[in-house]
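Structural overview
The lines below spell out each chain.
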Number of protein chains: 2
Amino acid sequence: MEKLNEARKSKHRLTKKGEETRSRIVSAAAKLMFEKGVASTSVEDVQIEAQVSSSQIYHYFNEKRELVKAVIIYQTEKVLSTQESLVIQLDSMEALKTWRDAIVQLQNERQCRGGCPIGSLASELSDIEPDARSELEAGFMKWENFIRKGLHTMQERGELSTNANTDELALALLTTLQGGLLLTQVRKETLPLEVGLDSMLAHISSFII
Amino acid sequence: MEKLNEARKSKHRLTKKGEETRSRIVSAAAKLMFEKGVASTSVEDVQIEAQVSSSQIYHYFNEKRELVKAVIIYQTEKVLSTQESLVIQLDSMEALKTWRDAIVQLQNERQCRGGCPIGSLASELSDIEPDARSELEAGFMKWENFIRKGLHTMQERGELSTNANTDELALALLTTLQGGLLLTQVRKETLPLEVGLDSMLAHISSFII
């Protein structure tokens, strides 16, 4: 059954029109789940938002769980491409500050709505959907790697002390970013994000040689 | 209507038995909403968990929204009393480290389930329930004040440099704590919480005289 479904879906992925319909469904689901949460988004809601028939949705996704998984992958890719569009590499204090400012600006543009697209999914799903949790963990790992790579480059160039544990600093920075996005959503102002990231960047800069 | 309901509820709050029933309903709702989220918890679920009749619930809470508000207040009080039971005041680096270790231990005991009881409510409700958001903001403010008070005491005693902005440091520490609880829930290990808090405490200790 599993294989049959996979084959069925692969087949659909091959046609351009099928690919487009599937993308429209996933981006509609992502939008709704970001706005009101996964539990409050029904397959029918997605159907209306994407302007497709119920049979079209079930053609691509056997159950809501599969749609949620596709949304996590979609949001992870979107977050990572946004990150990479802000700065190419986080390999200097200047780049880190540019990145910090761009994230703060992004939340201001969003009027502090929505928090983190994958952080909010993580909060809702981590304990109740093991598959979703694994997918989210993998997404965060990619994000962490993006940060780590920059810090590692700084260390390799001799700009960051060898005393700095770049693995830990990368994770600590992502952790603070997540908390900042959440508290910004609660307070409807970017102050928590700003002071959180500034403190973490000050800590990182303490390792600058 | 509003006043009548308030009066009705006040009356119930006066009897000991009514108070007990109301508490049982709120703690049952808090448990379910913590485990599976607000949207996935129906009033009927709460009724079964609390072992009360539907009319008993509606006697105290006109609608789910009111029950959610009571849950936020309940969880905020619980979080704050837990915080105060970990350390009386966060007024030394030693106290901050004791607090950090106790929070990490607590997540380990919970097997990294559930994240933060008010952070997870915040992620789910901040954008869709304005009243809940205000209540959550007030809850986080109390938590931040608890942290700020300790740092402020350190500064008053001359242990922390006057260059340290204790307001910002307190908010930054709470921000990192929130991110750490979320990523710990995703990864099912306390590493994000540990490295996040350790980095922030290192930053705070850089202001120690």
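Residues numbered from 1 in each chain as written. Chains lettered and ligands numbered in written order. Predicted model: local features only at pLDDT ≥ 70, side-chain atom pairs only at ≥ 80, totals over all residues. Heavy atoms only, no water.

- Under an unreviewed UniProt entry, the name given to chain A is TetR family transcriptional regulator, and the organism recorded is Cytobacillus oceanisediminis.

1. A look at the relation of the copies chain B and chain A
- Note on the identical chains: chain B maps onto chain A by a rotation of 180° and an axial translation of 0.0 Å, with an RMSD of 0.0 Å. Put plainly, the chains are arranged around a two-fold axis. No C-alpha of chain B lies nearer the rotation axis than that of Gly179 of chain B, which sits 1.8 Å from it.
- The residues that chain B uses at the interface reappear at the interface of chain A in 100% of cases, marking a shared surface. (Least-squares fit on C-alpha atoms with pLDDT ≥ 70 in both. Contact = heavy atoms within 4.5 Å.)

2. Regarding the packing of helix α6 (residues 93–109) of chain A against helix α8 (residues 130–156) of chain A
All names here are of chain A.
- For the pair α6 and α8, interaxial distance at closest approach is 10 Å and the crossing angle is 155°. Between α6 and α8, the angle is such that the two are roughly antiparallel. Between α6 and α8, the residues in contact are Met93, Leu96 and Trp99 and Phe146, Ile147, Leu151 and Met154, respectively.
- Counted by class, the contact of α6 with α8 contains seven nonpolar, no polar and no charged residues. (Axes fitted to C-alpha atoms, helices over the stretch in contact; angles between N-to-C directions. Helix = DSSP H or I, 4+ residues; strand = E, 2+ residues; numbered from the N terminus. Parallel < 35°, antiparallel > 145°, perpendicular 65-115°, else oblique. Nonpolar A, V, L, I, M, F, W, Y, C, P; charged D, E, K, R; others polar.)

3. Examining the interface of chain B and chain A
- Listed by partner, the interface residues are 44 residues for chain B and 44 residues for chain A.
- Summed over both partners, the interface of chain B with chain A buries about 3,600 Å², with 65% contributed by carbon and sulfur atoms.
- Summed over the shared surface of chain B and chain A, the result is four salt bridges.
- Measuring nitrogen to oxygen at the nearest pair gives 2.4 Å for the salt bridge that ties Asp127 of chain A to Lys188 of chain B.
- Seen at the junction of chain B and chain A, the total is twelve residue pairs in polar contact (both at pLDDT 80 or more).
- Only α2 (16–36), α7 (117–125), α8 (130–156), α9 (166–187) and α10 (191–205) of chain B provide two or more residues apiece to the side of chain B that touches chain A.
- Take the side of chain B that touches chain A: its biggest share by element is 15 residues, from α9 of chain B. (Buried area = accessible area lost by both parts, 1.4 Å probe. Salt bridge = Lys/Arg side-chain N within 4 Å of Asp/Glu carboxyl O. Polar contact = N/O pair within 3.5 Å; in protein donor to acceptor, adjacent residues only side chain to side chain.)

4. Some thoughts on the nonpolar core
- Counting residues in hydrophobic clusters, the biggest one holds 125 residues, and the most contacted among them are Trp99 of chain A together with Trp99 of chain B.
- Apart from residues no more than four positions distant in its own chain, Trp99 of chain B is found in contact with Gln83, Leu86, Val87, Leu90, Phe146, Ile147, Leu173, Leu177 and Leu197 of chain B. (Core = buried A, V, L, I, M, F, W, Y, C linked by side-chain atoms within 4.5 Å. Buried < 20%, exposed > 50% of the residue type's maximum accessible area, 1.4 Å probe, protein only.)

5. What about helix α10 (residues 191–205) of chain A?
- Here α10 of chain A is 15 residues long and its end C-alpha atoms lie 21 Å apart, about the 21 Å a rise of 1.5 Å per residue gives.
- Restricting attention to buried positions, one finds in α10 of chain A the residues Pro192, Leu193, Val195, Gly196, Leu197, Ser199, Met200, Leu201, His203 and Ile204 of chain A.
- Contacts from the buried residues of α10 of chain A go to α6, α8 and α9 (166–187) of chain A together with α9 and α10 of chain B. (Expected span 1.5 Å × (residues − 1).)

6. Overview of the pattern of salt bridges
- Scanning the entire structure with this criterion turns up 34 salt bridges over all chains.
- The partner of Lys69 of chain A in a salt bridge is Glu135 of chain A, and the shortest N-O contact between them spans 3.9 Å. Residue Lys69 of chain A is found in helix α5 (residues 64–86), and its partner Glu135 of chain A is found in helix α8; the two are separated by 66 residues along the sequence.
- A salt bridge links Glu35 of chain B to Lys31 of chain B; the nearest nitrogen and oxygen atoms lie 3.4 Å apart.

7. Considering the UniProt feature "DNA-binding region" (unreviewed entry) in chain A
- In the numbering used here, UniProt assigns the "DNA-binding region" (unreviewed entry) feature to residues 42–61 of chain A.
- Within residues 42–61 of chain A, the helical portion is 75% and the strand portion 0%, while the C-alpha atoms at the span's ends are 13 Å from each other. (UniProt positions renumbered as here; feature names shortened; annotations may be inferred.)

8. Notes on α6 of chain A
All names here are of chain A.
- An ideal rise of 1.5 Å per residue puts 24 Å on 17 residues; α6 measures up with 24 Å between its terminal C-alpha atoms.
- When α6 is considered as a whole, its buried residues turn out to be Met93, Ala95, Leu96, Trp99, Arg100, Ala102, Ile103, Val104 and Gln107.
- Where the residues of α6 are buried, they touch α5, α8, α9 and α10.
- Immediately beyond the C-terminal end of α6, within one or two residues, lies Gln111, with a positive phi of roughly 50°.

9. Some points on the environment of Ser53 of chain B
Residue and element names in this part refer to chain B.
- Mapped onto the elements, Ser53 comes out in the loop between α3 (43–50) and α4 (54–60).
- Ser53 sits in the partly exposed class, given a relative accessible area of 30%.
- Of note is the side chain of Ser53, whose polar atom sits 3.1 Å from the side chain of Ser55.

10. Some details on the side chain of Ser161 of chain A
Residue and element names in this part refer to chain A.
- Looking at the secondary structure, you find Ser161 in the loop between α8 and α9.
- Ser161 gets classed as buried once you look at its relative accessible area, which sits at 13%.
- Other than its neighbours up to four places away in sequence, Ser161 contacts Gln155, Phe207 and Ile209.

11. Examining the domain arrangement of chain A
Residues and elements named next belong to chain A.
- Domain boundaries assigned for chain A yield domain 1 (1–62) and domain 2 (71–209).
- Each of domain 1 and domain 2 was reduced to a C-alpha centroid, and the two centroids are 29 Å apart.
- Contacts between the two partners involve nine residues from domain 1, matched on the other side by 13 residues from domain 2.
- Of the roughly 750 Å² buried between domain 1 and domain 2, counting both surfaces, carbon and sulfur atoms make up 74%.
- The tally of links from domain 1 across to domain 2 stands at zero salt bridges.
- Between domain 1 and domain 2 we count two residue pairs in polar contact (both at pLDDT 80 or more) in total.
- Within the side of domain 1 that touches domain 2, the residues separate by chemical class into seven nonpolar, two polar and no charged. (Domains from an automatic or database assignment.)

12. Regarding empty space enclosed by the protein
- Scanning all chains against the criterion turns up two cavities of 30 Å³ or more.
- Quantified by volume, the largest cavity comes out at close to 300 Å³.
- Lining the largest cavity we find 26 residues, and of these Ser123 and Glu124 of chain A together with Ser120, Ser123 and Glu124 of chain B sit closest to its centre.
- Of all elements in the fold, only α2 (16–36) and α7 (117–125) of chain A together with α2 and α7 of chain B reach the threshold of two or more residues within the lining of the largest cavity.
- Residue composition of the lining of the largest cavity, by class: eight nonpolar, ten polar and eight charged.
- Of the pockets and cavities examined, the second largest cavity occupies roughly 140 Å³.
- What lines the second largest cavity is a set of 18 residues, and nearest its centre among them are Gly119, Ser123 and Leu182 of chain A together with Ser123 and Leu182 of chain B.
- Among the secondary structure elements, those contributing two or more residues to the lining of the second largest cavity are α7 and α9 of chain A together with α7 and α9 of chain B.
- Tallied by class, residues from the lining of the second largest cavity come to six nonpolar, twelve polar and no charged. (1 Å grid on protein atoms, 1.4 Å probe; cavity = no way out; pocket = protein on both sides within 12 Å on 5 of 7 lines; lining within 4 Å. Points joined across faces, edges and corners; volume = space filled by probe spheres on them.)

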